[in-house]
Amino acid sequence: MEQIRRLESEMDILKNENFSFPTVRDTDHPSLDQFPLRISENSEQYLDMKDSDKDQTKDVNLSVSDETEALTPKVNDSNSFPRKEREKMPTYSPSNKDTVHFDKPNRKLSPAFHQALLSFCRMSADSRLGSEVSRIADSEKSVMLMLGRCLPHIVPNVLLAKRERMVIHLCQELIPLILCTACLHPEPKERDQLLHILFNLIKRPDDEQRQMILTGCVAFARHVGPTRVEAELLPQCWEQINHKYPERRLLVAESCGALAPYLPKEIRSSLVLSMLQQMLMEDKADLVREAVIKSLGIIMGYIDDPDKYQQGFELLLSALGDPSERVVSATHQVFLPAYAAWTTELGNLQSHLIPTLLNKIEKLLREGEHGLDEHKLHMYLSALQSLIPSLFALVLQNAPFSSKVKLHGEVPQIEVTRFPRPVSPLQDVATIIGSREQLAVLLQLYDHQLEHEGTTGWESLLWVVNQLLPQLIEIVGKINVASTACVHEFSRFFWRLCRTFGKIFTNTKVKPQFQEILRLSEENVDSSAGNGVLTKATVPIYATGVLTCYIQEEDRKLLVGFLEDVMTMLSLSHAPLDSLKASFVELGANPAYHELLLTVLWYGVVHTSALVRCTAARMFELLVKGVNETLVAQRVVPALITLSSDPEISVRIATIPAFGTIMETVIQRELLERVKMQLASFLEDPQYQDQHSLHIEIIKTFGRVGPNAEPRFRDEFVIPHLHKLALVNNLQAVDSKRLDIATHLFEAYSALSCCFISEDLMVNHFLPGLRCLRNDMEHLSPEHEVILSSMIKECEQKVENKTVQEPPGSMSIAASLVSEDTKTKFLNKMGQLTTSGAMLANVFQRKK
């Protein structure tokens with residue numbers, strides 16, 4: 001303690017003196033304070049300890065195996081740094097007064113983009129130790145200053161280094177001393193050994209410790225220059241590229257990005273790029289590959305060798321296809337926008353990168369007629385979506401007005417909602433352009449040019465209008481409209497494209513191309529050529545991706561009108577409704593569009609054509625599940641009640657699935673009673689006695705919603721009416737109709753068998769209904785009859801042998817079917833049937 005006080009006294013004296021530091025000659029080179037200053041709050045400490053009960057000291061394992069290995073440079077023939085690189089090590093004594101030169105890449109990145117890119121380097125200079133590490137002493141007096149600052153923190157830890165945390169803290173305190181010595185030592189061999197100690201100081205460095213080491217490496221690099229960085233620091237990375245601990249490999253991956261600005265440019269585009277490529281392809285740790293991707297992004301911000309473009313593209317595809325979400329996310333945040341910036345400078349964005357991704361999507365669709373690889377489609381389409389900001393920036397920078405940009409005077413404000421929220425600072429158009437002020441001026445000129453002067457001579461924008469959009473619309477027409485995921489992906493893509501390029505562009509360039517393809521007019525109603533495209537994914541993607549971009553009243557009216565026209569034309573031409581359903585599903589996921597969709601359906605409810613009214617009735621089923629109960633009570637049920645008294649029986653039948661869905665999802669008693677009364681009128685009114693289609697629709701609806709419906713509704717309404725329908729079906733004279741009803745009853749009973757049913761209901765309705773159904777199947781489908789007989793037998797036995805464990809008054813059919821013999825027998829028989837196995841499987845499942 002006396003020694004500490006003496007050092008502190010000397011330190012106070014030295015603080016009053018002024019010392020100069022070496023100059024770094026590269027005005028465009030990033031300073032250390034451009035890096036993010038982040039320290040992990042929950043970082044864990046890693047250091048192996050060997051306890052000794054007899055001694056009160058502990059041996060610290062600083063490296064992979066023992067202390068000797070940590071302090072001695074490793075030599076590994078199979079994994080050592082290339083010999084020619086080691087031969088470049090300088091043999092001269094470092095001069096503190098030499099000016100350090102760094103290679104300036106031949107690039108045109110905006111300073112804002114460059115700084116945002118470097119922000120992904122993880123540095124730690126906002127603490128006392130981080131600040132100490134970030135500056136290296138360059139003279140005897142400054143060394144003394146550093147020792148004065150550091151020793152008071154080291155000595156107490158040396159005296160108390162019996163706990164693991166103390167030892168780790170001691171190791172961290174040694175970092176500035178190691179760096180300073182490695183920087184100033186005249187012997188290359190000693191410098192190599194010191195840097196080896198630095199990289200092996202902590203066995204498994206956590207996040208905070210890696211940041212500290214990286215900060216020191218960057219300070220070292222800025223001080224000694226590119227030649228020594230290549231000869232002295234890179235070999236340490238190379239030696240640990242395949243280290244068994246992921247924390248060490250993570251340090252290597254992060255070092256490659258952090259040191260990129262300070263390396264010779266030929267090394268950046270060769271050795272470092274190859275190291276990162278190897279780690280991306282071979283490393284099994286997600287965190288390491290994520291760090292590799294971020295470092296690759298930083299490398300892409302400095303690389304200027306056009307020959308490496310194809311290698312970068314292959315790395316991009318590998319990164320996009322990585323199984324880890326972390327890696328893919330980092331690709332979109334860092335690697336892809338940095339690569340796109342370089343691609344733009346090379347003139348390849350519109351000539352290669354985007355067309356290649358589009359061609360890959362087209363190839364997927366051609367090869368996926370019998371099974372589309374939706375994962376790959378998402379991979380390529382998400383990459384295209386991430387390229388939209390870069391494409392728009394290119395259009396602005398190559399516009400006829402780009403030379404007129406002046407930032408004098410008052411700069412217009414950019415609306416907060418003008419652009420979609422970027423997933424990364426590197427996807428912010430303002431960052432790509434250079435500043436928000438510059439972007440604001442460009443946007444003002446852009447809108448004026450589109451509105452008043454046109455696109456003549458504007459090659460980059462004409463490419464978007466004449467090549468990109470037509471190809472995208474053609475691709476959209478090839479998508480399976482039933483694939484909800486694909487429709488959603490392309491919808492989001494067009495939404496981002498339109499929002500980025502603006503309202504004028506959307507109204508004058510995008511919408512007309514879709515409208516030309518869709519050709520919505522009454523004269524095309526009976527034309528198969530005119531209506532074929534209305535059944536494709538073009539409809540939902542145009543409706544949800546383009547027409548929802550802007551939400552002013554005129555935009556909403558356009559969307560309503562489009563959906564009304566599609567519903568009318570599909571209905572009148574007897575076309576499949578899949579495209580309209582896909583539009584409702586995608587829009588219905590957002591409550592903001594529920595009122596709008598109800599407006600569209602009311603148009604159908606009051607339409608003069610029964611075909612359109614029938615379509616409207618069927619569309620209510622899709623909408624009910626997502627709409628709140630207030631809207632169901634005020635808008636949906638009144639519309640369905642209106643349709644249920646329609647003069648056309650087909651319209652009345654079309655309302656049944658929607659009524660069933662209401663029974664499944666709504667809990668308001670009054671609302672349920674209204675629906676129950678309407679369904680009862682369908683079942684009990686004599687006018688519907690011989691309506692075979694209506695009975696089929698009711699049975700299908702009961703089987704679908706029964707297991708999830710309110711128990712009282714199921715017990716008092718569904719099961720008793722299924723019994724009646726089964727009884728009446730025994731008297732059906734037409735075998736085809738009888739089998740049709742019996743098959744759907746079998747499906748319904750199979751679904752309901754998973755529910756808890758009271759003993760009275762079992763005896764009075766469920767078992768009698770099954771027996772009626774068995775009578776039908778004896779004559780029409782013996783395979784079904786075998787299964788029904790087993791079901792009846794098990795249920796009868798359960799009623800007769802009711803145990804004490806069962807709750808009074810109730811039992812579960814599912815519980816009676818759990819024996820392995822019964823299950824095996826059922827499954828063997830089911831394999832011979834043509835009915836839905838998924839429905840039959842419910843026989844063996846309890847309701848959760």
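Residues numbered from 1 in each chain as written. Predicted model: local features only at pLDDT ≥ 70, side-chain atom pairs only at ≥ 80, totals over all residues. Heavy atoms only, no water.

A.B. asks: Please clarify how the overall build of the protein should be interpreted in this entry.
C.D. replies: A count of helical and extended segments in the protein gives 39 helices and 6 strands. Buried residues in the protein amount to 54% of all 848 residues. Considering only contacts in the protein between residues 6 or more positions apart, those separated by 24 or more positions represent 77%. Total accessible area on the protein is roughly 38100 Å²; 50% of this is exposed by carbon and sulfur atoms. (Helix = DSSP H or I, 4+ residues; strand = E, 2+ residues; numbered from the N terminus. Buried < 20%, exposed > 50% of the residue type's maximum accessible area, 1.4 Å probe, protein only. Contact = heavy atoms within 4.5 Å. Areas by Shrake-Rupley, 256 points an atom, 1.4 Å probe, with all protein chains shown as cover.)

A.B. asks: Is there a simple way to explain the nonpolar core in this structure?
C.D. replies: If you look at soluble globular proteins, the nonpolar side chains tend to sit buried side by side. One finds Tyr446, Phe494, Phe501, Phe505, Leu563 and Phe620 to be the most contacted residues of the largest nonpolar core, which totals 244 residues. Here this core takes 14 residues from helix H17 (residues 374–397), the largest share from any one element. Apart from the residues within four sequence positions on either side, Tyr446 is in contact with Phe392, Val395, Leu396, Phe401, Arg418, Trp458, Phe501 and Phe505. (Core = buried A, V, L, I, M, F, W, Y, C linked by side-chain atoms within 4.5 Å.)

A.B. asks: When you look at the confidence of the model for the protein in this model, what are you seeing that I'm missing?
C.D. replies: Overall, the predicted model of the protein reaches an average pLDDT of 80, with 76% of residues at or above 70. Across residues 17–97, confidence stays below pLDDT 50; counting only partners more than four residues off in sequence or on other chains, it has 182 contacts. Within the model, the stretch residues 808–827 combines pLDDT values under 50 with 48 contacts to residues more than four positions away or in other chains. (pLDDT = per-residue confidence, 0-100.)

A.B. asks: Any chance you could explain unusual backbone geometry here in plain terms?
C.D. replies: Residues apart from glycine generally show negative phi values, whereas peptide bonds are mostly found in trans. The phi dihedral of His574 is positive, around 55°, even though this residue is not glycine. Considering the arrangement of structural elements, one finds His574 in the loop between helix H25 (553–572) and helix H26 (578–588).

A.B. asks: Before we go on, may I ask you to explain the side chain of Arg268 in this structure?
C.D. replies: Among the structural elements, Arg268 can be located in helix H12 (residues 265–282). Of the residues examined, Arg268 reaches a relative accessible area of 1% and is grouped as buried.

A.B. asks: Could you clarify how one ought to interpret the packing of helix H28 (residues 610–624) against helix H29 (residues 629–644) in this entry?
C.D. replies: Two numbers describe a pair of packed helices, the interaxial angle and the distance between the axes. Remark: H28 packs on H29, axes separated minimally by 10 Å, with the N-to-C direction vectors making an angle of 150°. Seen from above, H28 lies across H29 with left-handed handedness. Note on element contacts: H29 touches H28 through Val632, Val636, Ala639, Leu640 and Leu643, opposite Arg613, Ala617, Phe620 and Val624. For the contact of H28 with H29, a count of residues per class yields 8 nonpolar, no polar and 1 charged. (Axes fitted to C-alpha atoms, helices over the stretch in contact; angles between N-to-C directions. Left-handed = near helix turned anticlockwise from the far one by under 90°. Nonpolar A, V, L, I, M, F, W, Y, C, P; charged D, E, K, R; others polar.)

A.B. asks: Can you walk me through H28 in this structure?
C.D. replies: At 3.6 residues per turn, the α-helix brings residues three or four places apart onto the same side. The end-to-end C-alpha distance of H28 is 22 Å, a good match for the 21 Å that 15 residues give at a rise of 1.5 Å each. When H28 is considered as a whole, its buried residues turn out to be Val612, Arg613, Cys614, Thr615, Ala616, Ala617, Met619, Phe620, Leu623 and Val624. Among the structural elements, H25, H26, helix H27 (594–605), H29, helix H30 (649–654) and helix H31 (656–665) are those in contact with the buried residues of H28. Put simply, Ser609 is the residue that caps the front of H28, since its side-chain oxygen is 3.2 Å from the backbone nitrogen of Leu611. (Expected span 1.5 Å × (residues − 1). Polar contact = N/O pair within 3.5 Å; in protein donor to acceptor, adjacent residues only side chain to side chain.)

A.B. asks: Would you mind going over the packing of aromatic side chains with me for this structure?
C.D. replies: The relation between two aromatic rings is expressed through the spacing of the ring centres and the mutual angle of the planes. Taken as a whole and judged by the stated rule, the model has 18 aromatic pairs. Judged by centre distance (5.0 Å) and plane angle (85°), the rings of Tyr542 and Phe562 are edge-to-face. Of the two residues, Tyr542 is situated in helix H24 (residues 538–546) and Phe562 in helix H25; the sequence distance between them amounts to 20 residues. When its relative accessible area of 2% is taken as the criterion, Tyr542 is described as buried. The exposure class of Phe562 is buried, given its relative accessible area of 5%. Members of the aromatic cluster, connected to one another through ring pairs, are Phe392, Phe401, Phe419, Tyr446, Trp458, Phe501 and Phe505. The ring of Phe419 is capped by Arg418, whose NZ or CZ atom sits 4.5 Å from the centre of that ring. (Phe/Tyr/Trp six-rings, centres within 6.5 Å; stacked < 30°, edge-to-face > 60°. Lys NZ or Arg CZ within 6 Å of the ring centre and 35° of its normal.)

A.B. asks: Can you walk me through helix H34 (residues 711–729) in this structure?
C.D. replies: With 19 residues, H34 extends 26 Å from end C-alpha to end C-alpha; this agrees with the ideal 27 Å at 1.5 Å per step. Of all bends in H34, the biggest is about 25°, found at Val718, and the proline Pro720 comes one to four residues later. Turning to H34, its buried residues number three or more, namely Phe713, Arg714, Phe717, Val718, Ile719, Pro720, His721, Leu722, His723, Leu725, Ala726 and Asn729. In this fold, the buried residues of H34 make contact with H31, helix H32 (669–684), helix H33 (692–705), helix H35 (735–752), strand E5 (756–758) and helix H36 (759–780). (Bend = angle between axes of the 7 residues up to and from the residue.)

A.B. asks: Sorry, what's going on with the side chain of His594 here?
C.D. replies: Turning to its location among the elements, His594 is positioned in helix H27. By relative accessible area, His594 is classed as buried at 4%. Within the structure, the side chain of His594 is placed 2.8 Å from the backbone oxygen of Gly588, a separation counted as a polar contact. If we ignore the near neighbours within four places in the chain, the residues touching His594 are Gly588, Leu623, Gly626, Val627 and Leu631.

A.B. asks: What should I look at first to understand the packing of H33 against H34 in this one?
C.D. replies: Running from N to C, H33 and H34 point in directions that differ by 140°, and their axes come no closer than 11 Å. On the basis of their axis angle, the class for H33 and H34 is oblique. Considering the relative orientation of H33 and H34, their crossing is left-handed. On H34, the residues that touch His695, Ile699 and Phe702 of H33 are Phe717, Val718, His721, Leu722 and Leu725. The class makeup of the residues in the contact of H33 with H34 is 6 nonpolar, 2 polar and no charged. (Parallel < 35°, antiparallel > 145°, perpendicular 65-115°, else oblique.)

A.B. asks: Can you help me understand the environment of Met762 in this one?
C.D. replies: In this fold, Met762 is placed in helix H36. Sequence spacing of Met762 and Ile719 is 43 residues, and the spatial spacing of their C-alpha atoms is 9.4 Å.

A.B. asks: Looking at this model, I keep getting lost on the environment of Asp304. Mind explaining?
C.D. replies: Topologically, Asp304 is positioned in the loop between helix H13 (286–300) and helix H14 (309–320). Assessed through its relative accessible area of 22%, Asp304 is described here as partly exposed. Once the C-alpha coordinates of Asp304 and Trp342 are considered, the two residues, 38 residues apart in sequence, prove to be 8.1 Å apart. Beyond its immediate sequence surroundings of up to four residues, Asp304 is in contact with Pro105, Asn106, Arg107, Lys265 and Trp342. Side-chain polar atoms of Asp304 contact the backbone nitrogen of Asn106, separated by 3.0 Å.

A.B. asks: What is the right way to look at the state of the cysteines in this model?
C.D. replies: As used in these notes, a disulfide is a covalent bond between sulfur atoms, one from each of two cysteines. All told, the structure shown has 0 disulfides when counted by the stated rule. Here Cys237 is not disulfide-linked; the sulfur of Cys256 is the nearest cysteine sulfur, at 5.3 Å. (Disulfide = S-S within 2.5 Å.)

A.B. asks: I keep staring at the pattern of salt bridges and nothing clicks. Help me out?
C.D. replies: When the charged atoms of two side chains lie near each other, side chains of opposite charge can form a pair. Considering all chains together, one arrives at 23 salt bridges under this definition. Residue Arg249 is joined to Asp283 by a salt bridge in which the shortest nitrogen-to-oxygen separation is 2.6 Å. In this pair, Arg249 is assigned in helix H11 (residues 246–259) and Asp283 in the loop between H12 and H13, connecting sequence segments 34 residues apart. Asp555 is the salt-bridge partner of Lys503, the closest N and O atoms lying 3.4 Å from each other. Separated by 52 residues along the polypeptide, Lys503 in helix H22 (residues 503–518) and Asp555 in helix H25 bring together distant segments of the chain. The class for Lys503 is partly exposed, based on a relative accessible area of 27%. Shared partners join several salt bridges into a network, and the residues in it are Arg191, Arg228 and Glu232. (Salt bridge = Lys/Arg side-chain N within 4 Å of Asp/Glu carboxyl O.)

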